[in-house]
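Each chain, letter by letter, is given below.
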Amino acid sequence: MAQTVSRYGRVEPIRPRSKVRLPFPLSLYQTAVGKKWVMALTGLMLLGFVIFHALGNIKMYIGPTEINEYGEALRDLGGHIVPRTHLLWILRIGLAGAFLLHIHAAWGVSRMSKQANTAYKGGRDYIAANFASRTMRWTGIIVALYLVFHLADLTWGWFNEDYIRGDVYFNMTESMSNLPIALIYIVANVALAIHVFHGAWSLFQSLGINNPKYNPARRLFAVAIALFILVVNVSFPIMVQAGVLENDGPTPHEEAAE
């Protein structure tokens, strides 16, 4: 821990030790190193989900049947071993826990960093930092808000009066045909790609993998993952607005009117 010398000659820690010393491994989480490890591991979990989600959504370009069968297959995870949707809900709860831990660890590291900078009477070296690292807090907030919006839009159907439960293709095309909603998806996924770029780059450093020999590969990995997520996710609202992805049949409201 960094230290300073008081006017009485005593060496004092920049950040006072926690009053309550928790048992291991919770005691490790009280340190900056522990929080960075949690950020890295939960970040890996969330990154895996984002990649898997993007790969699954590519089935939109194959057709309604394929993407809808993919959505149904997720509900049937576990086959006849566990009840329908139970395994999916276990995965959802696990991801939600990882998401909350990721946010808490990020907040803790940021607070420790701020306290250290204040103690040293200095600021962050923004010359050495890139745009992605400087905006991690804001892109993180945008991604968190986007997650809530995305669930409300395509899982709960709050913003689509013609929402059909289980019809992934219809719900996506119907929702993204609304220009303001399409723009929300585009802006949010740009923020997600920026956040993923820096996260994919820095998680290796948090796990102790930081060597000039491997850093070019780390950067290539971060760029490739961020670009893949950006291109795939942004393509859906753009292609819906361009008419490449569209619903040919009538909506439930149009059918009712007939």
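Above this text you will find the structure in question.
Just so it is clear, the structure is predicted and the values come from calculations on it, not from any experiment.

A. Broad picture of the overall build of the protein chain. Regarding its fold elements, the protein chain presents ten helices and two strands. Reading the protein chain from its N terminus to its C terminus gives the helix and strand order β-β-α-α-α-α-α-α-α-α-α-α. Here the protein chain holds 258 residues, and 31% of them are scored as buried. Only carbon and sulfur atoms are counted for the fraction: they give 67% of the accessible area of the protein chain, which is about 16,300 Å².

B. Unusual backbone geometry, seen in detail. The phi torsion at Thr85 lies on the positive side, around 75 degrees, for a residue other than glycine. Its place among the elements puts Thr85 in the loop between helix H3 (64–75) and helix H4 (86–119). Of the residues examined, Thr85 reaches a relative accessible area of 24% and is grouped as partly exposed.

C. Region of interest: the packing of aromatic side chains. Tallying each qualifying case throughout the model produces seven aromatic pairs. Here the aromatic rings of Phe52 and Tyr70 are separated by 6.4 Å at their centres, their planes lie at 50 degrees, and the arrangement is tilted. With Phe52 in helix H2 (residues 32–57) and Tyr70 in helix H3, this residue pair connects regions lying 18 residues apart in the sequence. In this structure Phe52 comes out as partly exposed when scored by relative accessible area, which is 48%. For Tyr70, a relative accessible area of 15% translates into the label buried.

D. Local environment of the pattern of salt bridges. Counted by the stated rule, this structure contains three salt bridges. Glu72 is the salt-bridge partner of Arg75, the closest N and O atoms lying 3.1 Å from each other. Of this pair, Arg75 and Glu72 both sit in helix H3, three residues apart, which is roughly one turn of that helix. Between Arg84 and Asp76 there is a salt bridge, with its nearest N and O atoms 2.7 Å apart.

E. View of H2. The end-to-end C-alpha distance of H2, which contains 26 residues, comes to 37 Å, matching closely the 38 Å that a straight helix rising 1.5 Å per residue would cover. For H2, the complete set of buried residues consists of Gly34, Lys35, Ala40, Thr42, Gly43, Leu46, Leu47, Val50, Ala54, Gly56 and Asn57.

F. Structural view of the nonpolar core. Membership of the largest hydrophobic core comes to 17 residues, with the highest contact counts inside it found for Met60, Met172, Met176, Tyr185, Phe236 and Leu245. Put simply, the parts of the chain that give this core at least two residues each are H3, helix H6 (136–155), helix H7 (168–176), helix H8 (179–206) and helix H9 (215–242). Excluding residues that lie within four positions of it along the chain, Leu245 makes contacts with Met60, Tyr61, Tyr169, Thr173, Phe236, Met239 and Val240. Counting residues in each nonpolar core, the second largest holds twelve residues, with Ala222, Ile225, Ala226 and Ile229 among its members.

G. How the structure looks around H6. With 20 residues, H6 extends 27 Å between its outermost C-alpha atoms, agreeing within 8% with the 28 Å of an ideal straight helix rising 1.5 Å per residue. Met136, Thr139, Val143, Tyr146, Phe149, His150, Ala152, Asp153 and Leu154 are the residues of H6 that are buried. Lining the buried residues of H6 we find H2, helix H5 (131–134), H7 and H8. Gly157 sits one or two residues past H6 and shows a positive phi near 70 degrees.

H. Molecular detail of the packing of H2 against H8. Running from N to C, H2 and H8 point in directions that differ by 135 degrees, and their axes come no closer than 9 Å. Looking at the two axes, H2 sits oblique to H8. Handedness of the H2/H8 crossing: left-handed. Packed against H2, whose contacting residues are Lys36, Trp37, Ala40, Leu44, Leu47 and Val50, the element H8 presents Leu192, Val196, Ala200, Leu203 and Ser206 at the interface.

I. A nonpolar patch on the surface, seen in detail. A grouping of Val33, Trp37, Leu41 and Leu44 is seen on the molecular surface, where their side chains present a nonpolar patch of about 360 Å² in accessible area. Position of Leu44 among the secondary structure elements: in helix H2. On the basis of relative accessibility, which here comes to 38%, the residue Leu44 falls in the partly exposed class.

J. Spotlight on the environment of Ala96. Relative to the elements of secondary structure, Ala96 occurs in helix H4. Separated by 50 residues in sequence, Ala96 and Leu46 have C-alpha atoms that sit 9.4 Å apart.

Parameters at a glance
Residues numbered from 1 in each chain as written. Predicted model: local features only at pLDDT ≥ 70, side-chain atom pairs only at ≥ 80, totals over all residues. Heavy atoms only, no water. Helix = DSSP H or I, 4+ residues; strand = E, 2+ residues; numbered from the N terminus. Buried < 20%, exposed > 50% of the residue type's maximum accessible area, 1.4 Å probe, protein only. Areas by Shrake-Rupley, 256 points an atom, 1.4 Å probe, with all protein chains shown as cover. Phe/Tyr/Trp six-rings, centres within 6.5 Å; stacked < 30°, edge-to-face > 60°. Salt bridge = Lys/Arg side-chain N within 4 Å of Asp/Glu carboxyl O. Expected span 1.5 Å × (residues − 1). Core = buried A, V, L, I, M, F, W, Y, C linked by side-chain atoms within 4.5 Å. Contact = heavy atoms within 4.5 Å. Axes fitted to C-alpha atoms, helices over the stretch in contact; angles between N-to-C directions. Parallel < 35°, antiparallel > 145°, perpendicular 65-115°, else oblique. Left-handed = near helix turned anticlockwise from the far one by under 90°. Patch = residues over 30% accessible without salt bridge, like charges linked within 9 Å, V, L, I, M, F, W, Y side chains within 5 Å.

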